[in-house]
Amino acid sequence: MDEMESVTGTVKNGVTDANNVIDTEAKPTGITVDMSRIRELEAETRAVVNKKKERVKEPVGPVYAVHRIAALLTFFLIFIPSFSPAALSSLIGKNLSLFTSAISYNSLVENVGRGFRRGWVEEGTFHLLYIACIVTLVGILVISSAACLNLGNKKCKRLSFLISFGGTVLLAVGLGLTIAAYGQFKDCENQAKVGATFATGIIVIAVLAVIILIATIIEMICTPKPEKKERYSMETRFKLFLMFLPFALLAFVFCYLPLWGWRYSFFDYRAGGELSGETFVGFKWFKYLFENEATRSELLRVLRNTLAMSGLGILTSFVPLAFAVFLTEIKSKPFKRIVQTFTTIPNFISWILVYTVALAIFSTDGFINTIFGATGNHLMGDNFTWLKMLAWGMWKGVGWSAIIYIAGIAGIDRQLYEAATVDGAGRFQRIWHVTIPGLLPTYMVMLLMAVAGMLSNGLDQYLVFSNADNMNHMEVLDLYVYHLGFDGGSIPLSTVIGMAKSLISVALLFMANSISRLVRKESII
């Protein structure tokens with residue numbers, strides 16, 4: 001209220017000053033007053049006051065917050081298998097989320113083929129459950145869209161209430177169908193095989209739906225109706241937030257949601273098994289990683305290969321920058337386009353095809369041996385393995401990596417080049433004194449990201465090029481985790497190593513960022 005009184009006082013003073021100016025205009029003082037500008041200022045001041053009043057009078061601000069938080073939680077639960085309403089039977093996969101159950105019927109009945117053949121459960125029950133999952137998912141998505149819409153003005157809010165109410169009805173129908181499917185599972189004759197269980201996700205989502213419904217009703221009653229002439233509008237910051245939201249959700253689903261799999265590191269898990277109190281082993285696999293001498297030596301060998309290949313990549317990280325600089329200096333545009341196209345295309349070729357080309361060139365019966373009459377397999381051996389991988393990686397990625405530097409060069413002010421030319425600078429002097437300094441900030445950001453990803457070399461390249469002869473120098477950390485988890489069946493230990501790799505990568509990023517802040521007074525975090 002103090003803020004309101006202050007704003008009101010300011011308005012009164014502004015109006016008083018405006019009246020004084022008007023009175024002054026009536027007197028023959030010879031001073032010309034722009035009356036239209038005064039009226040504009042007065043209208044702007046009144047608009048600010050009305051906006052302040054609207055914010056002060058809004059009585060349901062906390063209710064909006066509760067509504068949006070509940071809608072956000074409900075949306076996140078569709079990706080978490082532990083809270084899936086579809087987990088009604090032991091025949092349904094434990095790692096199946098509501099989202100997967102709703103978009104893929106085959107995933108829902110993946111383990112139920114034998115149950116259908118033996119007559120343990122009717123296929124119509126799974127059809128009902130599948131429809132229930134679809135309706136529930138649609139209801140949650142409608143509620144989430146309504147929560148985004150009520151960030152707007154009164155007219156947007158009134159529309160969001162109707163959409164939210166409709167989404168809640170759909171959600172209730174979906175949960176009702178899920179409960180009906182549970183009743184059919186429970187009535188099956190062979191309960192020992194079906195194992196009907198009431199899913200925890202039904203209760204959790206139902207509670208959130210009730211909260212959203214109550215909040216919607218309160219908002220609908222307390223929010224004043226908009227004026228008839230009012231249009232749908234939203235503040236710029238909310239528009240930008242909604243534009244960013246899809247990318248944030250994608251990052252959550254593909255980057256942060258998989259971290260839920262870290263729980264396997266605390267269990268004695270085998271493929272096809274279950275996570276339970278009986279298989280919980282705490283920090284057993286963390287201790288095993290450091291106490292077992294064989295595992296320790298293997299890990300040191302793998303880290304040697306990983307850091308060596310990453311180090312070579314960092315040492316040659318200037319190559320895309322140099323390639324971009326020299327490419328932009330080519331005067332012939334057709335030739336420049338041909339070079340850029342042929343150097344960018346390899347990025348879109350899979351590593352399997354790259355290996356096929358390499359095998360055709362460097363194998364025992366390959367192109368090199370046929371032309372020069374040489375012998376031996378130059379691809380399979382263990383000689384210069386790190387340099388070979390570096391060369392193939394550069395061939396495949398240098399054109400693609402140069403694109404960001406080409407864009408950076410296009411953003412450099414052309415007047416700098418003109419000034420350098422006037423001062424008598426030649427082509428290489430312009431490159432050294434204008435182009436390179438203009439690209440250094442971009443290069444430093446890319447270098448920091450490369451340092452942070454030193455332990456993440458990828459998997460595809462080393463998997464297709466690896467064999468029994470070169471495995472000693474070829475196996476990097478990602479490939480070792482793959483072999484350990486899928487070939488060796490040690491999923492908990494591979495999860496522990498993956499966790500350690502992620503944490504060390506984050507630590508490396510912050511360390512490189514701190515060094516950049518000290519040296520260059522700039523950072524990316």
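Details of the structure are given in the entry above.
Throughout this description, residue numbers start from 1 for each chain and increase along the sequence as written. With pLDDT at 70 or above as the cut-off, local features in this predicted model cover only qualifying residues; side-chain atom pairs require 80 or more to be listed or tallied, and sums for whole chains, interfaces and linings still use all residues. Excluded from the side-chain calculations are hydrogens and water; all other atoms, namely the structure's heavy atoms, are used.

Topic: helix H16 (residues 351-362)
The helix count covers DSSP runs of H or I at least four residues long, the strand count covers runs of E at least two residues long, and both are numbered beginning at the N terminus. How far a helix is expected to stretch is found by multiplying one less than its residue total by 1.5 Å. Between its first and last C-alpha, H16 extends 16 Å over twelve residues, near the 16 Å set by a 1.5 Å rise per residue. A 1.4 Å probe rolled over the protein chains alone gives each residue an accessible area, and that area as a share of the maximum for its type sets the label: buried under 20%, exposed over 50%, partly exposed in between. Listed as buried for H16 are Trp 351, Val 354, Tyr 355 and Ala 358. One side of H16 carries all its buried residues, which in axial view fall inside an arc of 100°. Every residue pair with non-hydrogen atoms within 4.5 Å of one another is taken to be in contact. The elements touched by buried residues of H16 are helix H18 (385-410) and helix H21 (460-465). Read the arc as the range of directions from the helix axis to the C-beta atoms.

Re a positive patch on the surface
Patch membership requires over 30% relative accessible area and the absence of a salt bridge. Like charges are linked within 9 Å, and nonpolar side chains (Val, Leu, Ile, Met, Phe, Trp, Tyr) within 5 Å. Working definition of accessibility: Shrake-Rupley area with a 1.4 Å probe, residue cover restricted to the visible protein chains. Salt bridge, as used here, is a side-chain nitrogen of Lys or Arg placed within 4 Å of a carboxyl oxygen of Asp or Glu. The sign given to each residue is positive for Lys and Arg and negative for Asp and Glu; His and the chain ends receive no count. A charge is said to be at NZ when it belongs to Lys, at CZ for Arg, at CG for Asp and at CD for Glu. On the surface, a cluster of positive charge is contributed by Arg 114, Arg 117, Arg 118 and Lys 193. Of all the elements, helix H6 (residues 113-118) adds the most residues to the positive patch, at three residues. Given a relative accessible area of 53%, Arg 118 falls into the exposed group.

Structural notes on the packing of helix H8 (residues 154-186) against helix H10 (residues 200-222)
Interhelical geometry of H8 versus H10 gives an angle of 155° and a closest axis separation of 10 Å. If you check the angle between H8 and H10, you find them roughly antiparallel. Along this stretch, H8 crosses H10, giving a crossing that reads as left-handed. Of the residues in H10, those in contact with Arg 158, Phe 161, Ser 164, Phe 165, Thr 168, Leu 171, Leu 175, Thr 178 and Ile 179 of H8 are Ile 202, Ile 205, Ala 206, Ala 209, Ile 212, Leu 213, Thr 216, Glu 219 and Met 220. Its residues assigned to classes, the contact of H8 with H10 shows twelve nonpolar, four polar and two charged. For every element, the axis is a line fit to its C-alpha atoms; helices are fit only across the contacting stretch, and the angle between N-to-C directions ranges from 0 to 180 degrees. Note on angle classes: values under 35 degrees are labelled roughly parallel, values over 145 roughly antiparallel, values of 65 to 115 roughly perpendicular, and the remainder oblique. In this scheme, a crossing is called left-handed if the near helix is turned counterclockwise away from the far one by less than a right angle; it is called right-handed if the turn is clockwise. In this classification, the charged set is Asp, Glu, Lys and Arg, the nonpolar set is Ala, Val, Leu, Ile, Met, Phe, Trp, Tyr, Cys and Pro, and all remaining amino acids, among them Gly, are polar.

Focus on the environment of His 67
With respect to the helices and strands, His 67 occurs in helix H3 (residues 61-77). Relative accessible area serves as the criterion here: at 1%, His 67 is assigned to the buried category. Sequence separation between His 67 and Leu 208 is 141 residues, and the spatial gap between their C-alpha atoms is 9.2 Å. Contacts of His 67, omitting those with residues within four sequence positions, involve Asn 150, Ser 164, Ile 212, Ala 215, Thr 216 and Glu 219.

So, helix H23 (residues 477-487)
Within the span of H23, buried status applies to Leu 477, Asp 478, Leu 479, Tyr 480, His 483, Leu 484 and Gly 485. Looking at the buried side of H23, the elements it contacts are helix H13 (293-315), H21, helix H22 (471-474) and helix H24 (491-520). Of the residues one or two after H23, Gly 489 is the one with positive phi, at around 75°.

Thoughts on the packing of helix H20 (residues 427-452) against H24
At a closest axis distance of 7 Å, the pairing of H20 and H24 adopts a crossing angle of 150°. Comparing their axes, H24 and H20 come out roughly antiparallel. The way H20 lies across H24 gives a crossing that is right-handed. Along the contact surface, H20 presents Pro 441, Met 444, Leu 448, Val 451 and Ala 452, while H24 presents Ser 505, Leu 508, Leu 509, Ala 512, Asn 513, Ser 516 and Arg 520. Grouping the amino acids of the contact of H20 with H24 by side-chain chemistry returns eight nonpolar, three polar and one charged.

Focus on the packing of aromatic side chains
For Phe, Tyr and Trp, where Trp contributes only its six-membered ring, two rings pair if their centres lie within 6.5 Å, and the inter-plane angle classes them as stacked under 30 degrees, edge-to-face over 60, or tilted in between. Taken as a whole and assessed by the stated rule, the structure comprises 22 aromatic pairs. By way of ring pairs, the aromatic residues Trp 351, Tyr 355, Phe 362, Trp 392, Trp 395 and Phe 465 are connected into one cluster. Charges are assigned to positions over rings by a cutoff of 6 Å between ring centre and Lys NZ or Arg CZ, combined with an angular limit of 35 degrees from the ring normal. Geometry around Tyr 232 places Lys 155 over its ring, the cationic atom sitting 5.1 Å from the centre. Positioned over the ring face of Tyr 64 is Lys 157, at 5.3 Å from the centre of the ring.

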